Every structure is written in structure tokens, then in C-alpha cells.
Amino acid sequence: MTATAVITGLGVAAPNGLGTKEFWTATLRGESGIGPVERFDPSRYPARLAGQVRGFVAEDHLPSRLLPQTDRMTRLALVAADWALDDAGVRPADLPPYDMGVVTASSCGGFEFGQNELRNLWSKGSQYVSAYQSFAWFYAVNSGQISIRNGMKGPSGVVVSDQAGGLDALAQARRQIRRGTPLIVSGSIDASICPWGWVAQLASGRLSTSEDPDRAYLPFDAQANGHVPGEGGAILVVEDAETARRRGARPYGEIAGYGSTFDPAPGSGRERGLRRAIELALADAGADAQDVDVVFADAAGVPAEDRAEAEALTAVFGTRGVPVTAPKTMTGRLYSGAAPLDLAAAMLAIADGRIPPTVNVRPAADYGLDLVTDAPRSAELRTALVLARGHGGFNSAMVVRAA
């Protein structure tokens, strides 16, 4: 019999809430964490807004010895992992080391680490780590640091597929649960609000240049003009359901289905892959379209990408066939951290019976979506679909349901 993977712990670090309770309260109130960039002077750049995690003081949560060897992304991830384990009621010291593993995702969070290493190169001559070494190190740092800090010696890894990576990491966690590892810490925190990271993101041509925080990131709106980047995400504890039951844990829900695809080459005339990813996830969950109670959209904020997502959703669910939400309008797009945060929000929505709103957006009617805006919508929720797309053609979809 195939093991069931359930989520038993959540650790959230988001621009509109540091901690799961704070994030969820702010999200239901429609409180945004988007504002002017504060971590460096953005005046010379065309994009000047970001979703920033405020109030985080690493020294309050981590040993001083860790601070010189970590950057902001890693510090946030370590603390979020601590919160997730505490939420799950797990004490790693009480469990066999090889019964626990870590699978995270990363996208652009290593820019700050790389920037710091280049600064060291310029200032210290031969005493440096090369840029190539720094990026190779950063891809493994979150997973490795969480593993070392908690004595976790089971399967570990890092998935790199831009914004889709957060779901891909959780899917890999489920695979490891099915292969016999009782517990996997998974999800992602991304953080790249630094000059080097900012320039790289601007090169995509997808950043909003609006200076009005309320009108800068408008997915599915006729005035959509790009996205606002952000930092943060969520770390989750994924467990074998039977193991969780034996220790008396109360899961938030089950990872029921997953699908991933890659878009065909531009100009090929072939359909893009998001619809197929949704269908694969539903089939994997043994679910039909009518079983889905809410969709957490990828919500690119780029008109062509918004239309492609809307077309995939209406093809599967019909016009206005399912409530759709994008609470990331309150946080910005968090790259690999976005989908784990959406998954955490889906679990909280199922428990609370409320769909969080897509703030500030006036949905264009021709998209054919039942977009939840302005205020939370009460609903009986059992099954949610979370979508994520990565720059370059990655598509991922995950079905979660009440435990």
C-alpha cells in the first residue's frame, strides 16, 4: 500500500506576516506587505517596490556562530524550519537521524550570498570563494543547514525550477515519504532583494515599474503591467500519515496529487503545458474537476501569462467554474517561496473555511474567472489546487485535501 504524505507543520515568513498566525490574520484582512524597497537604495532602478519581510532579527532566533556563514535567505529558512517542526510537535533529537530528510527549492535567493562573495573578492584579493563556488554552495545551503542544525541524515536535496520549484520540492518530499522516510522538511524561502539580484530580475522584463503599492501587481486585471518581487515563503513538515497518527499529530491535510510539464518551444504552435499539469495532478489525486473547491493561481501579472493561465483553468473547470484566488498580491511573487506559501494558505483556508482575497485587483471579465477579490469568501473547502509556473516553461500543479 502506498504511503500517504500529510502536512503536519507550517513555518511561515511572509512580507505581510512573520509567523503562520500573523500571516493568516493579515491575509484575511487584506493587509499587504508590498512597499518601497528598504534593503538598498532603489532610486536608480525603474522598479522600486517589493514585498519585504519586516521585523525579522536573526540574532533573536539563531546562535551567533551561524550568522557569519549565512545570508538572509538561509536565516529565514532556518527559523521557518524551527517554527514548522515546533508546529508539528516534532523534536528532531528524539527521532532516528535517518528517519528525517530535507528537500527544499531555490530560485534566485543566492544572489545576496554571491554579491557578498564578490565584495569579499574585491576587498580581500586572494581570500575569496569564486562566484561559481558560491552559487554551487548556495543551491545546497538551505537544505544542508536545516539538515545539520536538526541532525537530519535522511534523503536531502534542492530543486531548481524557478517559481515552480516550491511545488516540485514538496512533490519530491512526497516521493521520499512513499519510499519509506517517515518525515521530510520541505518547501522554500527565497530572498534576493539586493542590487545584484534586482538587476537580474529586471532583465526578465516582467517587473512592474508602478510606484503605487496598491496598483503595481494586478494579475488578471486589465491594467496588469508586471509583478512585484518579494522575499519569504514557507517551510512545511511532511510526514507519513501512519507515523503522524501514531504520535498523535493532527495533520493540516494531505498532498493528494501532483503534475508537472514543460512548455513547448515558442512558435511551435503546440499548446502550453499548464492545462496538462492540472489534469495530471487531478488524475494523480483520483479527483475530478468538480471535486476542487478553490484554486490558488500562479498569477503572473503579465497579460499574456495571465491569459494563458485563465485559458487553462477555463478549459479544465469551465467559465467561472471554480473560485480562484491569488493572495500573493499581498506579498509579491516570492519565486521558489511562493508556491509553498500558497500551499500553507490552502491548508489554512481548508481549516478555516475561508478563501483569502486577491486584493486591489479588478478582474477583467474576458478571462472568465471567478476571482475572489476584496474580502474573504466563506465556503466549505475540502480540496484545493495550487499552481506555479517557472520562467522558461516550467509548470507544476498540486492537489491538497483535508486530512
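Residues numbered from 1 in each chain as written. Predicted model: local features only at pLDDT ≥ 70, side-chain atom pairs only at ≥ 80, totals over all residues. Heavy atoms only, no water.

**Notes on the overall build of the protein**
No. 1: For the protein, the helix and strand inventory stands at 10 helices and 16 strands.
No. 2: Over its C-alpha atoms the protein spans a radius of gyration of 20 Å, differing by no more than 12% from the 22 Å that the globule rule assigns to 403 residues.
No. 3: With respect to the principal axes defined by its C-alpha atoms, the protein has extents near 60 × 55 × 45 Å.
No. 4: A total of 403 residues make up the protein; the buried ones form 61% of that total.
No. 5: In the protein, the share of contacts with a sequence separation of at least 24, taken over all contacts with a separation of at least 6, comes to 78%.
No. 6: When the accessible surface of the protein is split by element, carbon and sulfur atoms take 48% of a total near 15800 Å².
No. 7: Taken as two groups, the 38 positive and 44 negative side-chain charges of the protein have centres that lie 3 Å from each other. (Helix = DSSP H or I, 4+ residues; strand = E, 2+ residues; numbered from the N terminus. Rg over C-alpha atoms; globule rule 2.2 N^0.38 Å. Buried < 20%, exposed > 50% of the residue type's maximum accessible area, 1.4 Å probe, protein only. Contact = heavy atoms within 4.5 Å. Areas by Shrake-Rupley, 256 points an atom, 1.4 Å probe, with all protein chains shown as cover. Lys, Arg positive; Asp, Glu negative; His and termini not counted. Charge placed at Lys NZ, Arg CZ, Asp CG, Glu CD.)

**Some thoughts on the side chain of D298**
No. 1: Relative to the elements of secondary structure, D298 occurs in the loop between β10 (294-296) and α9 (303-317).
No. 2: Since its relative accessible area comes to 1%, D298 is described here as buried.
No. 3: In terms of polar contacts, D298 uses its side chain to reach the side chain of R389, at 3.0 Å.
No. 4: Among all residues touching D298, those that are not within four sequence positions of it are Q163, Y217, E309, K328, R333, L387, A388 and R389. (Polar contact = N/O pair within 3.5 Å; in protein donor to acceptor, adjacent residues only side chain to side chain.)

**A closer look at helix α8 (residues 274-285)**
No. 1: Counted at 1.5 Å a residue, the expected span for α8 with its 12 residues is 16 Å, and the 17 Å between its end C-alpha atoms agrees.
No. 2: Summarising the contacts, the buried residues of α8 are in contact with β9 (253-262), α9, β15 (383-390) and β16 (394-402).
No. 3: A positive backbone phi angle near 65° is found at G286, which sits one or two residues after α8. (Expected span 1.5 Å × (residues − 1).)

**A look at the packing of helix α1 (residues 20-29) against helix α10 (residues 338-352)**
No. 1: One way to put it is that α1 packs onto α10 with a least axis distance of 11 Å and a crossing angle of 75°. Relative to α10, the element α1 lies roughly perpendicular. Residues T20, F23, W24 and L28 of α1 form the contact with α10, whose own contacting residues are L341, A345, L348, A349 and D352.
No. 2: Residues of the contact of α1 with α10, tallied by class, amount to 7 nonpolar, 1 polar and 1 charged. (Axes fitted to C-alpha atoms, helices over the stretch in contact; angles between N-to-C directions. Parallel < 35°, antiparallel > 145°, perpendicular 65-115°, else oblique. Nonpolar A, V, L, I, M, F, W, Y, C, P; charged D, E, K, R; others polar.)

**Quick notes on the confidence of the model for the protein**
No. 1: Considering every residue of the protein, the mean pLDDT works out to 92; 91% of them sit at 70 or more.
No. 2: In the model of the protein, helix α3 (residues 111-124) stands out as the element of lowest mean pLDDT, 56, in contrast to β10, which has the highest, 99.
No. 3: Note on residues 125-139: pLDDT is under 50 here. Beyond four places in sequence and across chains, it has 24 contacts. (pLDDT = per-residue confidence, 0-100.)

**Some points on the environment of V12**
No. 1: Mapping V12 onto the fold places it in strand β1 (residues 5-14).
No. 2: Note: C-alpha distance between V12 and A234 (222 residues apart in sequence) is 4.5 Å.
No. 3: Apart from residues no more than four positions distant in its own chain, V12 is found in contact with G17, L18, G19, T20, F23, W83, G233, A234, L341 and A344.

**Focus on the pattern of salt bridges**
Oppositely charged side chains are able to pair whenever their charged atoms sit close together.
No. 1: A complete count under the given rule lists 25 salt bridges for this structure.
No. 2: Note that E305 is salt-bridged to R206, the shortest N-O span being 3.6 Å. Placement of E305 in helix α9 and of R206 in the loop between α6 (195-202) and β8 (232-240) is noted, with a sequence separation of 99 residues between them.
No. 3: Relative accessible area serves as the criterion here: at 12%, E305 is assigned to the buried category.
No. 4: The residue D352 makes a salt bridge to R354 at a minimum N-O spacing of 2.9 Å.
No. 5: Among the residues examined, D352 registers a relative accessible area of 33% and is labelled partly exposed. (Salt bridge = Lys/Arg side-chain N within 4 Å of Asp/Glu carboxyl O.)

**A short note on α9**
No. 1: The end-to-end C-alpha separation of α9 is 21 Å, in line with the 21 Å expected for 15 residues at 1.5 Å each.
No. 2: Those residues of α9 hidden inside the fold are in contact with α8, β10, β11 (323-325) and β15.
No. 3: After α9 finishes, the residue G318 shows a positive phi value of roughly 90°.

**Considerations on the packing of aromatic side chains**
No. 1: Counted under the stated rule, the structure contains 4 aromatic pairs.
No. 2: Residues F40 and Y45 carry aromatic rings whose centres are separated by 5.8 Å and whose planes lie at 90° to one another, so their mutual orientation is edge-to-face.
No. 3: Classification of Y45 by relative accessible area gives buried; the value is 13%.
No. 4: Seen from their ring centres, F262 and F394 are 5.2 Å apart, and the 80° between their planes marks the pair as edge-to-face. A residue pair is termed long-range when its members are at least 10 positions apart, and F262 in strand β9 and F394 in strand β16 qualify at 132 residues. (Phe/Tyr/Trp six-rings, centres within 6.5 Å; stacked < 30°, edge-to-face > 60°.)

**Some thoughts on the side chain of T74**
No. 1: Its location among the elements puts T74 in helix α2 (residues 72-88).
No. 2: Reaching out from T74, the side chain makes a polar contact with the side chain of D71 at a distance of 2.9 Å.

**Details of the pairing of β15**
No. 1: Counting buried positions along β15 yields 8 of 8 residues, so the element is predominantly enclosed.
No. 2: On β15, burial covers both faces: T383, L385, L387 and R389 on one face and A384, V386, A388 and G390 on the other are all buried.
No. 3: Here β10 runs beside β15; their pairing, made up of 3 bridges, is parallel. Each residue of the ladder has a partner; that of V294, found in β15, is A384.
No. 4: With 8 bridges connecting them, β15 and β16 associate as antiparallel partners. Along β16, the bridge assignment pairs V386 with M398.
No. 5: The antiparallel pairing of β15 with β16 creates a hairpin that spans 3 residues between the two strands, and G392 there sits at a positive phi of about 110°. (Pairing = 2+ DSSP bridges.)

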